[in-house]
Amino acid sequence: MTNPLVNDARVIPLRPAPAAPAPAPREPLWRDLVGDVLRRERLAQERTLKDVADEARISMPYLSEVERGRKEASSEVLAAAAQALGLGLGDLLSRAHGELVRVTARRASAPRGVSGSAHNGLCLAA
């Protein structure tokens, strides 16, 4: 006699779940690109954050946040920081654009798990 508490059905193993597609890479943020350019230029000039912030007439903590991509700086703040570094606003934006092209071109050449488009340019209007 069979035990009514025991299931005599055949056990069928479950198939492993299909691998989830790799998440799409995060698009670079403009504030990160601009901040990287500002920091790179400041360090290339061997200047302190305080020196550049004082010359630009912005607070040192705020400039630090801008360099780290944590703040969306206004065009006035970006122009002041660029000028303190001996750059025009156009120079700063051009360098940030170059960085955007470099980053997105590298991503476009890498194999992708999901389809998407690569942006290799940026148009700014004043």
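Everything quoted here is computed from the prediction, not taken from an experiment.

> I tried to follow the overall build of the chain on my own but got confused; where do I start?
Along the backbone of the chain there are 5 helices and 0 strands. Counting from the amino terminus, the chain carries its helices and strands in the arrangement α-α-α-α-α. By residue count, 29% of the 126 residues in the chain fall in the buried class. Carbon and sulfur atoms make up 57% of the accessible area of the chain, which amounts to about 9100 Å² in all.

> How should the pattern of salt bridges be read in this particular structure?
Pairing between side chains of opposite charge can happen when the charged atoms of each approach one another. Using the criterion set out here, one finds 11 salt bridges in the structure. We note a salt bridge from Glu-65 to Arg-68, for which the minimum N-O separation is 2.4 Å. In this structure, Arg-102 engages Glu-99 in a salt bridge whose closest nitrogen and oxygen atoms are separated by 2.5 Å. Taken as a pair, Arg-102 and Glu-99 lie in helix H5 (residues 89-109) at a separation of 3 residues, close to a single helical turn. According to the relative accessible area criterion, Glu-99 is buried, its value standing at 11%. It is possible to trace a salt-bridge network through shared partners that takes in Arg-39, Arg-42 and Glu-67.

> For this particular structure, what's the right way to read H5?
Residue pairs three or four apart in sequence face the same way in an α-helix, which turns once every 3.6 residues. Helix length check: H5, at 21 residues, gives a terminal C-alpha distance of 30 Å against a target of 30 Å (1.5 Å per residue), a fit within 8%. Residues of H5 that are buried include every one of Leu-92, Leu-93, Ala-96, Glu-99, Leu-100, Val-103, Thr-104 and Arg-107, and no others. Along H5, the residues classed as buried sweep out an arc of 120° about the axis, all on the same side. Projecting away from the buried face of H5 at angles above 90 degrees are the exposed residues Gly-90 and Ser-109.

> I'm lost on the packing of helix H1 (residues 30-44) against helix H3 (residues 60-67) in this one. Help?
The angle between the axes and the distance between the axes are what describe a pair of packed helices. The N-to-C vectors of H1 and H3 enclose an angle of 115°; their axes lie 7 Å apart at closest approach. On H3, the residues that touch Arg-31, Gly-35, Asp-36, Leu-38, Arg-39 and Arg-42 of H1 are Ser-64, Val-66 and Glu-67. A class-by-class count of the residues in the contact of H1 with H3 yields 2 nonpolar, 2 polar and 5 charged.

> Help me out: how do you make sense of unusual backbone geometry in this one?
One non-glycine residue, Glu-46, adopts positive backbone phi at about 55°. With respect to the helices and strands, Glu-46 occurs in the loop between H1 and helix H2 (49-56). In this structure, Arg-57 is a non-glycine residue whose phi angle is positive, near 60°. As for its position among the elements, Arg-57 is in the loop between H2 and H3. For Arg-57, a relative accessible area of 76% translates into the label exposed.

The rules behind the values
- Residue positions are given per chain, counted from 1 along the sequence in the order it is written.
- Residue-level local features of this predicted model are given only where pLDDT is at least 70; pairs of side-chain atoms are given and counted only at 80 or more, and the full residue set underlies all totals for whole chains, interfaces and linings.
- Calculated side-chain values reflect all of the structure's heavy atoms, with hydrogen atoms and water omitted.
- Helix and strand labels come from DSSP, where a helix needs a run of H or I of at least four residues and a strand needs a run of E of at least two; each type is numbered from the N terminus.
- Only protein chains enter the accessibility calculation, which uses a 1.4 Å probe; a residue whose area is less than 20% of its type maximum is buried, one above 50% is exposed, and one in between is partly exposed.
- Note on areas: these come from Shrake-Rupley sampling with a 1.4 Å probe, and a residue is covered only by the protein chains present in the view.
- Here, a salt bridge means any side-chain nitrogen of Lys or Arg that lies within 4 Å of a carboxyl oxygen of Asp or Glu.
- Any helix carries an expected span of 1.5 Å times its number of residues minus one.
- Directions drawn from the helix axis to the C-beta atoms are what define this arc.
- Lines fitted to C-alpha atoms define the axes here, with helix axes fitted over just the stretch in contact, and angles between the N-to-C directions of these axes take values from 0 to 180 degrees.
- Residue contacts are defined here by distance: any two heavy atoms, one from each residue, within 4.5 Å place the two residues in contact.
- In this count, Pro and Cys sit with the nonpolar residues alongside Ala, Val, Leu, Ile, Met, Phe, Trp and Tyr, while Asp, Glu, Lys and Arg are called charged and the others, Gly among them, polar.

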